[in-house]
Amino acid sequence: KNSTSGTFILWHQLQDILLEALSIEKNENGRYIQQCLSLGCEFLNYRIDEETGLVHVTFSRSWKDAPIDESKTFTKTCRLLIGADGIRSTLRQQILSRCASTQT
């Protein structure tokens, strides 16, 4: 008999577990202080600083299908970039594109 054991977890529960693991603080309203996390925005691109190894990531506060408004873009810098932007990941597409171009 085949059986699969596992745990069902809701998205917001998984998010809380990951945020807790990152030691992200909550403010007085119980909302996470987003120092190293960007929720509710669209990933645009990234670049790696060859000298420092830091990753500079550009986001937009615009909706995905709306034209990009430069006044609504912002950049964050990190040591590790985790792409959790879904099945049609823009980050994954950019990484694979860069890998393919360096191998040709």
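Enquirer: Can you help me understand the nonpolar core in this one?
Expert: Soluble globular proteins tend to bury their nonpolar side chains together. Counting residues in each nonpolar core, the largest one holds seven residues, listed as F43, Y46, V55, V57, F59, F74 and L91. For this core, the elements supplying multiple residues, two or more each, are β1 (42-48) and β2 (55-60).

Enquirer: Would you mind showing me how to read the packing of aromatic side chains here?
Expert: Aromatic rings in a pair are described by how distant their centres are and how their planes are angled relative to each other. Scanning the entire structure with this criterion turns up two aromatic pairs. Centre to centre, the rings of F43 and F59 are 6.4 Å apart; their planes meet at 75 degrees, and the pair counts as edge-to-face. Here F59 lies in strand β2 and F43 lies in strand β1, a separation of 16 residues in the sequence. Classification of F43 by relative accessible area gives buried; the value is 9%. Since its relative accessible area comes to 11%, F59 is described here as buried. Judged by centre distance (5.4 Å) and plane angle (25 degrees), the rings of F59 and F74 are stacked. Here F59, found in strand β2, pairs with F74, found in strand β3 (residues 73-78); they are 15 residues apart in sequence, far enough to count as distant. Summarising the burial analysis for this pair, F59 and F74 share the class buried. Among the aromatic residues, those joined into a ring-pair cluster are F43, F59 and F74. If you follow R98 out to its NZ or CZ, it ends over the ring of Y46, 4.1 Å from the centre.

Reading the values: rules and limits
Residues numbered from 1 in each chain as written. Predicted model: local features only at pLDDT ≥ 70, side-chain atom pairs only at ≥ 80, totals over all residues. Heavy atoms only, no water. Core = buried A, V, L, I, M, F, W, Y, C linked by side-chain atoms within 4.5 Å. Buried < 20%, exposed > 50% of the residue type's maximum accessible area, 1.4 Å probe, protein only. Helix = DSSP H or I, 4+ residues; strand = E, 2+ residues; numbered from the N terminus. Phe/Tyr/Trp six-rings, centres within 6.5 Å; stacked < 30°, edge-to-face > 60°. Lys NZ or Arg CZ within 6 Å of the ring centre and 35° of its normal.

Function cannot be read off these values alone, since they describe shape.
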